[in-house]
Protein chains: 2
Amino acid sequence: MVLDKIVSALNNSRKIAILPHISADGDALGSSLALALALAQLGKSVKVILEEDIPQVYNFLPGRHMSEVYALKETSYDTVVALDTGDTDRLGKRLEIFRCANVTINIDHHNTNSGFAFHNYVSTDSSAVGEIIFSLVKMMGVNPDQDISTCLYVAIITDTGGFRYSNTTPLTHRTAAELIENGINVAGISQLVFDSTSYEKVRLLGSAIQALELLENGKVALISLTDDMLRSTGAKEEECDGIVNIGRNIRGVEVAAMLRQWENGEIKVNLRSSSKVDVSAIASSYGGGGHKKAAGYITKAGLDAAKKKLLDDIREVL
Amino acid sequence: MVLDKIVSALNNSRKIAILPHISADGDALGSSLALALALAQLGKSVKVILEEDIPQVYNFLPGRHMSEVYALKETSYDTVVALDTGDTDRLGKRLEIFRCANVTINIDHHNTNSGFAFHNYVSTDSSAVGEIIFSLVKMMGVNPDQDISTCLYVAIITDTGGFRYSNTTPLTHRTAAELIENGINVAGISQLVFDSTSYEKVRLLGSAIQALELLENGKVALISLTDDMLRSTGAKEEECDGIVNIGRNIRGVEVAAMLRQWENGEIKVNLRSSSKVDVSAIASSYGGGGHKKAAGYITKAGLDAAKKKLLDDIREVL
């Protein structure tokens, strides 16, 4: 079995690099740090090499001292493990480390994974790569301690939206049960991951609500976010993430849209559906993409024109 | 064991009433409807008798057709089961039904439970009464179907904040794993329970953010909610619940307060702490109460005076 071969390969390695995908999220980071902590317990020299700094929200993760941002020099690792990474494009500049390694390992749960390594383990039934690493760590003979368990718990809760998404399985919950038995602080971690936000983001939320338009008898919610709104609230670009859900979560809303006007005039449109409407079809007609319930596209039309055309598109499918 | 005796008592009953506590929440309702559905499978005549209508958010619960609001007439039940009810005050007008029954049963998880029934089963380790009912239903020989499982899942996620509170145990997760195996729709239920809100509440949120004051170098967040704000947004009184968390969730905030000025001039103050500050001590000094991290009181001072005095109190303990 592939996981057994991966355990052997890791056992036979001396110096190991772990690579989460670019713009690493909770699953990529948590899984990487958990594996690093476990390998360190086995006496391995191990580093988690990141493309960018760890996002502030994950600054509490145990094992973060074993990570560093790639500085384009060190590439001399026996073995390189890519985690939560669908293809080599998602390794960014660190593809160089991957190319120079003797043994390459790819552990992932995306069904689009291209199988780019020597050892490839892709489990599409796993809610998070953290679930796979939990098995792997135990197969390596390491008892997951509180630190490893905290990293894996963060991996799982971020990729399942706190056990709320449809990818949550019985095994997801049974893994969480064991992680709690290993002594993690459920309430503390949950507060840090889900209920901790910047003042600027809260102010942006307030502006977004002021700007929210409820149309078509409450079936459509539109939010336009301008540069002025970001400037006056002090919020950062990435803090626009999730704002579209304010609209989606209103009872009766079938389609929610967020139009984000960039400084260059382009407009990024995020769409959400909470009904049978397939928003990916709308996004495709603009050259965008996504899923039935979450999609997006970029348009060069002015804000008013973009909004009008989008509303026409939505009206046709409501 | 008490649960065995409860199973016997239920087996020997013909007509059973189930009573959740007044202002029934997700655990009280979900547990009651799950038990009702299971008893109906055993051929019992069973009703869930409520003090008030089911809150809108729980209108999707299977088994709600087996519930009715108490109309002060029917009291002829062999057996009455009080669920999630710490003492008889929490039965409201339905205490009459309880008094007239041959056999009374009390199943709860509050450590303050007064043991007011003939059979009392109080498990303070259970995150939700739903966890207890899951065991009870299986002891009764009923295989929890999708409907029963949906009710029990709602019971558990509402009392644990979606597996985020410190009362979440390994057994909580293992129960959730079995409920998923019984065919529940995790994403659909989670959306209805956690991510579904009224347009009016969203507008109130927007007003609350506009009114939010960040003081003491970002360590204190104050929100004042006036009747004008409720009127202009159309939000209901109960939709003020949780608004204080906007302040608590801002990084760096140690104490958050919401001051809600009622029409009679009284001010209800909700306090939250995300640090070592014990807000129940502040609340006590006004004759209020609560826990270290969540407390409240009512004051008759004017809004400005109440705010000033509260800020003085907070400054002393920061």
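What counts, and where the lines are drawn
Residues numbered from 1 in each chain as written. Chains lettered and ligands numbered in written order. Predicted model: local features only at pLDDT ≥ 70, side-chain atom pairs only at ≥ 80, totals over all residues. Helix = DSSP H or I, 4+ residues; strand = E, 2+ residues; numbered from the N terminus. Rg over C-alpha atoms; globule rule 2.2 N^0.38 Å. Buried ≥ 20, exposed ≤ 12 C-beta atoms within 10 Å, placed from the backbone. Pairing = 2+ DSSP bridges. Contact = placed C-beta atoms within 7 Å. Axes fitted to C-alpha atoms, helices over the stretch in contact; angles between N-to-C directions. Least-squares fit on C-alpha atoms with pLDDT ≥ 70 in both. Domains from an automatic or database assignment. Parallel < 35°, antiparallel > 145°, perpendicular 65-115°, else oblique. Left-handed = near helix turned anticlockwise from the far one by under 90°. Nonpolar A, V, L, I, M, F, W, Y, C, P; charged D, E, K, R; others polar. Expected span 1.5 Å × (residues − 1).

A.B. asks: Just to check I follow, could you spell out the overall build of chain A for this structure?
C.D. replies: The helix and strand inventory of chain A stands at 12 helices and 12 strands. Compactness check: chain A gives a C-alpha radius of gyration of 21 Å against a globular reference of 20 Å for 318 residues, within 12% of the reference. Overall, the C-alpha framework of chain A stretches about 60 × 40 × 35 Å when taken along its three principal axes. Per-residue burial for chain A yields a buried fraction of 47% across its 318 residues.

A.B. asks: In this structure, what is going on with the sheet that holds strand 8 (residues 220-225) of chain A? I would like to understand it.
C.D. replies: Sheet strands pair by backbone hydrogen bonding; their relative direction is either parallel or antiparallel. All names here are of chain A. Ordered in space as 7-8-9-10-12-11, the six strands form an open sheet in which the pairing is mixed. Only two strands of the sheet have a single partner each, and these edge strands are strand 7 (213-215) and strand 11 (289-290). Bridge count between strand 9 (residues 255-261) and strand 10 (residues 267-273): seven bridges; the pairing is antiparallel. Among the inter-strand pairings, Leu-259 is bridged to a residue of strand 10, identified as Val-269. Its contacts with the sheet put helix 12 (residues 303-317) on strand 7, strand 8, strand 9, strand 10 and strand 12 (294-299), and the angle it makes with strand 9 is roughly 160°.

A.B. asks: When you look at the relation of the copies chain A and chain B in this model, what are you seeing that I'm missing?
C.D. replies: Look at the two chain copies: a rotation about an axis and a shift along it is all it takes to match them. Superposing chain A onto chain B requires a rotation of 180° together with a translation of 0.0 Å along the rotation axis, leaving an RMSD of 0.1 Å. Both chain copies can therefore be described as sitting about a two-fold axis. A shared interface surface links the copies, since 100% of the contact residues of chain A are contact residues in chain B too.

A.B. asks: Any chance you could explain the interface of chain A and chain B here in plain terms?
C.D. replies: Note: interface size is frequently given as the accessible area lost on complex formation between the parts. Listed per partner, the contact involves 35 residues of chain A and 35 residues of chain B. Mapped onto the side of chain A that touches chain B, the elements with two or more residues apiece are helix 6 (170-181), helix 7 (186-194) and helix 8 (199-211) of chain A.

A.B. asks: Explanation requested: the environment of Thr-226 of chain B in the structure shown.
C.D. replies: The residue Thr-226 of chain B is located in the loop between strand 8 (220-225) and helix 9 (227-233) in this model. Between the C-alpha atom of Thr-226 of chain B and that of Ile-156 of chain B, which follows or precedes it by 70 residues, the distance is 34 Å.

A.B. asks: What should I look at first to understand the domain arrangement of chain A in this one?
C.D. replies: Domain annotation for chain A reports domain 1 (2-194) and domain 2 (199-317). Computed over C-alpha atoms, the centres of domain 1 of chain A and domain 2 of chain A are 33 Å apart.

A.B. asks: I would appreciate a short explanation of the packing of helix 1 (residues 2-11) of chain B against helix 4 (residues 129-139) of chain B in the present structure.
C.D. replies: Think of two packed helices as two axes; the pair is described by the angle between the axes and how far apart they sit. Residues and elements named next belong to chain B. Two elements in contact, helix 1 and helix 4, have axes whose closest approach is 10 Å; the angle formed by their N-to-C orientations is 60°. One element, helix 1, and the other, helix 4, form an angle in the oblique class. Judged by the sense of rotation from one axis to the other, the crossing of helix 1 with helix 4 is right-handed. Two secondary-structure elements touch here, helix 1 through Leu-3, Ile-6 and Val-7 and helix 4 through Ser-135, Leu-136 and Met-139. Looking at side-chain class alone, the contact of helix 1 with helix 4 contains five nonpolar, one polar and no charged residues.

A.B. asks: Would you take a moment to explain the packing of helix 8 of chain A against helix 8 (residues 199-211) of chain B for this structure?
C.D. replies: It is the contact of helix 8 of chain A with helix 8 of chain B, at a shortest axis distance of 8 Å, that shows an interaxial angle of 130°. What the angle tells us is that helix 8 of chain A and helix 8 of chain B run oblique. As for how helix 8 of chain A packs across helix 8 of chain B, the hand of that crossing is left-handed. The segment helix 8 of chain A lies against helix 8 of chain B, with Val-202, Arg-203, Leu-205, Gly-206, Ile-209 and Gln-210 of chain A engaging Val-202, Arg-203, Leu-205, Gly-206, Ile-209 and Gln-210 of chain B. For the contact of helix 8 of chain A with helix 8 of chain B, the class distribution of residues is six nonpolar, four polar and two charged.

A.B. asks: When you look at unusual backbone geometry in this model, what are you seeing that I'm missing?
C.D. replies: Glycine aside, a negative phi is what most residues show, and trans is what most peptide bonds show. You will see that Phe-163 of chain A, though not glycine, has its phi angle at about 65°, which is positive. The residue Phe-163 of chain A is located in the loop between helix 5 (146-159) and helix 6 in this model.

A.B. asks: Can you walk me through helix 5 (residues 146-159) of chain B in this structure?
C.D. replies: Two residues of an α-helix separated by three or four positions point the same way, owing to the 3.6 residues in each turn. Residue and element names in this part refer to chain B. For helix 5, spanning 14 residues, the distance from its first C-alpha to its last is 20 Å, which sits close to the expected 20 Å at 1.5 Å a residue. Counting buried positions over the 14 residues of helix 5 gives 12, a clear majority of the element. Residues of helix 5 that are buried include every one of Ile-148, Ser-149, Thr-150, Cys-151, Leu-152, Tyr-153, Val-154, Ala-155, Ile-156, Ile-157, Thr-158 and Asp-159, and no others. Among the structural elements, helix 2 (26-41), helix 4, helix 6 (170-181) and helix 7 (186-194) are those in contact with the buried residues of helix 5. Just beyond helix 5, the residue with positive phi is Gly-161, at close to 60°.

A.B. asks: When you look at the sheet that holds strand 4 (residues 79-83) of chain A in this model, what are you seeing that I'm missing?
C.D. replies: Residue and element names in this part refer to chain A. In spatial order, the strands read 3-2-1-4-5-6; together these six strands make up an open sheet with parallel pairing. Edge strands, defined here as strands with exactly one partner in the open sheet, are strand 3 (67-69) and strand 6 (119-122). With direction set aside, neighbouring strand axes in the sheet form an average angle of 20°. Strand direction decides the pairing type here: strand 2 (residues 45-50) and strand 3, joined by three bridges, are parallel. Each residue of the ladder has a partner; that of Val-48, found in strand 3, is Ser-67. Against the sheet, helix 1 (residues 2-11) makes contact with strand 1 (15-20), strand 4, strand 5 (103-108) and strand 6, and its axis sits at roughly 130° relative to strand 6, the strand it touches most.

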